[in-house]
Amino acid sequence: MRIINACLQLDTLFPQNRFSMHVWTTYMDRVIPGSSGLFLADIRDYDFERQCLPVIEHALLHSEKRAEAAASFKSVTDGLEEKIRRTFHRGLTADIILYLGLCNAAGWVKKWNGTATILLGIEKIIELDWCSEKEMYGLIYHELGHVYQAQYGVLKRNCTDTADAFLWQLFTEGIAMYFEQSLAGDPDFYHQDRDGWAGFMKAHLDELKQDFFRDLNTMDSRTQRYFGDWVKYRGFGDAGYYLGTEFVRFILERYDFDRILSFDLPELKALSREFLR
């Protein structure tokens, strides 16, 4: 596992906090050789000057927020490889990179030269004010949960049915949350827990179950209300992450964690019916 903080020389690269695309391209290709085109392609439909540049320059201007994010990054990643081996008894192949992006995402995972790469864009992290250790747990540990499932099981299934796709998403997000909680050492840890989020979900779990499985056969990417902080279930985002965690913990009462990483859809659908009951 490689852990790289590529934000240490930003003040030198961009004096007076002025962004230069030429300098950035050279910088990015030095961090990940040949990668700059990936990031440029990702934002080609955006108005860069209006939508991206202000966010980037805000991050360059606020060195104290960059320092906070960098400190959290170091705290969360120090000894991480050994923590994973100690907790799950297996290693993990991945690169984790904190870098200045083009507003691509606060956290995303790409396969680069055959290696899963977790990319943490400091400009988006600062814009969202996700600079604390709690948010960094969510950005790093959660994504590593997906990487772990991909490495030791099956992360993506070919779901031709929309309901199956959402059930599979519930399952994989639950696995990533369980992985995150295990590394954090707290089964009640949720990086989404703000403004009473976890308390509400716990108090309304039965209703959440019923609503999700009732919606399952009719929801699509536009109407679903369970995945993402931009959609709301009774006023709260990310409800599917809580439900998914409960679903995975229900499954783990019967099966070993490494066994469930390779579940197929028929197994999952049968268990979802039991979980609903």
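The shown structure was predicted, so the numbers you read here are calculated from the model rather than taken from an experiment.

Trainee: What is the right way to look at unusual backbone geometry in this model?
Mentor: Across the chain, the bulk of peptide bonds are trans and the bulk of non-glycine residues have phi less than zero. In this model, Asn17 sits at a positive phi of 60°, which is unusual for a non-glycine residue. Positionally, Asn17 belongs in the loop between helix H1 (10-13) and helix H2 (21-31). Note on Asn17: relative accessible area 26%, which makes it partly exposed. Despite not being glycine, His89 has its phi angle at roughly 65°, a positive value. Inspection of the secondary structure puts His89 in the loop between helix H6 (80-88) and strand E2 (95-99). Classification of His89 by relative accessible area gives exposed; the value is 68%.

Trainee: Teacher, can you tell me more about the pattern of salt bridges here?
Mentor: For the coordinates displayed, the defined rule picks out 17 salt bridges. A salt bridge links Arg50 to Asp47, with the shortest nitrogen-to-oxygen separation between them at 3.6 Å. Under the relative-accessibility criterion, Arg50 is labelled exposed at 59%. Taking the shortest distance from any N to any O, the salt bridge between Arg214 and Asp211 comes out at 2.7 Å. Remark: Asp211 and Arg214 occur in helix H11 (residues 205-215); sequence separation between them is three residues, near one turn of the helix. Overall, the relative accessible area of 8% leaves Asp211 in the buried class.

Trainee: Explain the pairing of strand E3 (residues 108-112) here, please?
Mentor: Side-chain positions along a regular strand alternate between the two faces of the sheet. The pairing of E3 with strand E4 (residues 115-121) spans five bridges and is classified as antiparallel. Residue pairing in the sheet places Lys110 in a bridge with Thr117 of E4. Taken together, E3 and the strand that follows it, E4, pair antiparallel across an intervening segment of two residues, in which Asn113 is found at a positive phi of about 50°.

Trainee: Honestly, the environment of His58 in this entry has me stumped. Any pointers?
Mentor: Mapped onto the fold, His58 is located in helix H4 (residues 48-61). Given a relative accessible area of 35%, His58 falls into the partly exposed group. In sequence terms His58 and Asn104 are 46 residues apart; their C-alpha atoms lie 15 Å from each other.

Trainee: What is the right way to look at the nonpolar core in this model?
Mentor: Generally speaking, nonpolar side chains in soluble globular proteins are found buried as a group. The biggest cluster of nonpolar side chains holds 96 residues, and the ones touching the most others in it are Phe19, Leu100, Leu120, Ile140, Leu144 and Phe171. Looking at which element gives the most residues to this core, the answer is helix H9 (residues 162-184), with eleven residues.

Trainee: How should the packing of aromatic side chains be read in this particular structure?
Mentor: Pairs of aromatic rings are described using the distance from one ring centre to the other and the angle between the two planes. Applying the stated criterion to the full structure yields 29 aromatic pairs. Taking the centre distance of 5.4 Å and the plane angle of 50° together, the rings of Phe39 and Tyr99 count as tilted. Taken as a pair, Phe39 in helix H3 (residues 36-42) and Tyr99 in strand E2 lie far apart in primary sequence, 60 residues in all. You'll find Phe39 and Tyr99 in the same group, each marked buried.

Trainee: Would you explain H4 in this entry?
Mentor: Because an α-helix packs 3.6 residues into every turn, residues spaced three or four apart end up facing the same way. For H4, which comprises 14 residues, the first-to-last C-alpha distance of 18 Å matches the rise-based estimate of 20 Å (1.5 Å per residue) to within 8%. The set of residues buried in H4 consists of Phe48, Cys52, Leu53, Val55, Ile56, Ala59 and Leu60.

Trainee: Would you mind showing me how to read the side chain of Glu143 here?
Mentor: Residue position: Glu143 is located in helix H8 (residues 133-152). Buried Glu143, no salt bridge; nearest opposite-charge side chain is Lys156, N-O distance 9.4 Å. In this structure Glu143 touches Val109, Ile118 and Gly138, once residues within four positions along its chain are discounted.

Trainee: What am I meant to see in the packing of H6 against H9 here?
Mentor: Packed helices, taken two at a time, are described by the angle between their axes plus the distance between the axes. In the contact formed by H6 and H9, the axes pass within 10 Å of each other and the chain directions differ by 105°. One way to sum up the angle between H6 and H9 is to call them roughly perpendicular. In this structure, H6 contributes Leu80, Lys83, Ile84, Thr87 and Phe88 to the contact, and H9 contributes Tyr178, Phe179, Ser182 and Leu183. Of the residues in the contact of H6 with H9, the class split is six nonpolar, two polar and one charged.

Trainee: Looking at this model, I keep getting lost on H6. Mind explaining?
Mentor: What H6 keeps buried is the set Leu80, Ile84 and Phe88. Within H6, the buried residues cover an arc of 45° as seen down the axis, which keeps them to one side. Of the surrounding secondary structure, the elements contacted by the buried residues of H6 are helix H5 (63-77), E2, H8, H9 and helix H13 (257-260). Taken from the residues just after H6, His89 is the one with a positive phi, measuring 65°.

Trainee: Explain the sheet that holds E4 to me, please; I cannot follow it from the model alone.
Mentor: Backbone hydrogen bonds hold the strands of a sheet together, and the pairing may be parallel or antiparallel. The strand order across the open sheet built from four strands is E1-E2-E4-E3, with neighbouring strands paired in mixed fashion. Each of the sheet's edge strands pairs with one partner strand only, and the pair in question is strand E1 (2-5) and E3. Looking at each pair of strands side by side, their axes are set apart by 20° on average, direction ignored. Across four bridges, the pairing between E1 and E2 is parallel. In the sheet register, Arg2 faces E2, and the bridge partner there is Asp95. In the packing of H8 onto the sheet, contacts are made with E2, E3 and E4, and the angle to E4 comes to roughly 160°.

Basis of the calculations
- Residues numbered from 1 in each chain as written.
- Predicted model: local features only at pLDDT ≥ 70, side-chain atom pairs only at ≥ 80, totals over all residues.
- Heavy atoms only, no water.
- Helix = DSSP H or I, 4+ residues; strand = E, 2+ residues; numbered from the N terminus.
- Buried < 20%, exposed > 50% of the residue type's maximum accessible area, 1.4 Å probe, protein only.
- Salt bridge = Lys/Arg side-chain N within 4 Å of Asp/Glu carboxyl O.
- Pairing = 2+ DSSP bridges.
- Core = buried A, V, L, I, M, F, W, Y, C linked by side-chain atoms within 4.5 Å.
- Phe/Tyr/Trp six-rings, centres within 6.5 Å; stacked < 30°, edge-to-face > 60°.
- Expected span 1.5 Å × (residues − 1).
- Lys, Arg positive; Asp, Glu negative; His and termini not counted.
- Contact = heavy atoms within 4.5 Å.
- Axes fitted to C-alpha atoms, helices over the stretch in contact; angles between N-to-C directions.
- Parallel < 35°, antiparallel > 145°, perpendicular 65-115°, else oblique.
- Nonpolar A, V, L, I, M, F, W, Y, C, P; charged D, E, K, R; others polar.
- Arc of directions from axis to C-beta.

As far as function goes, none of this settles anything; it's purely spatial.
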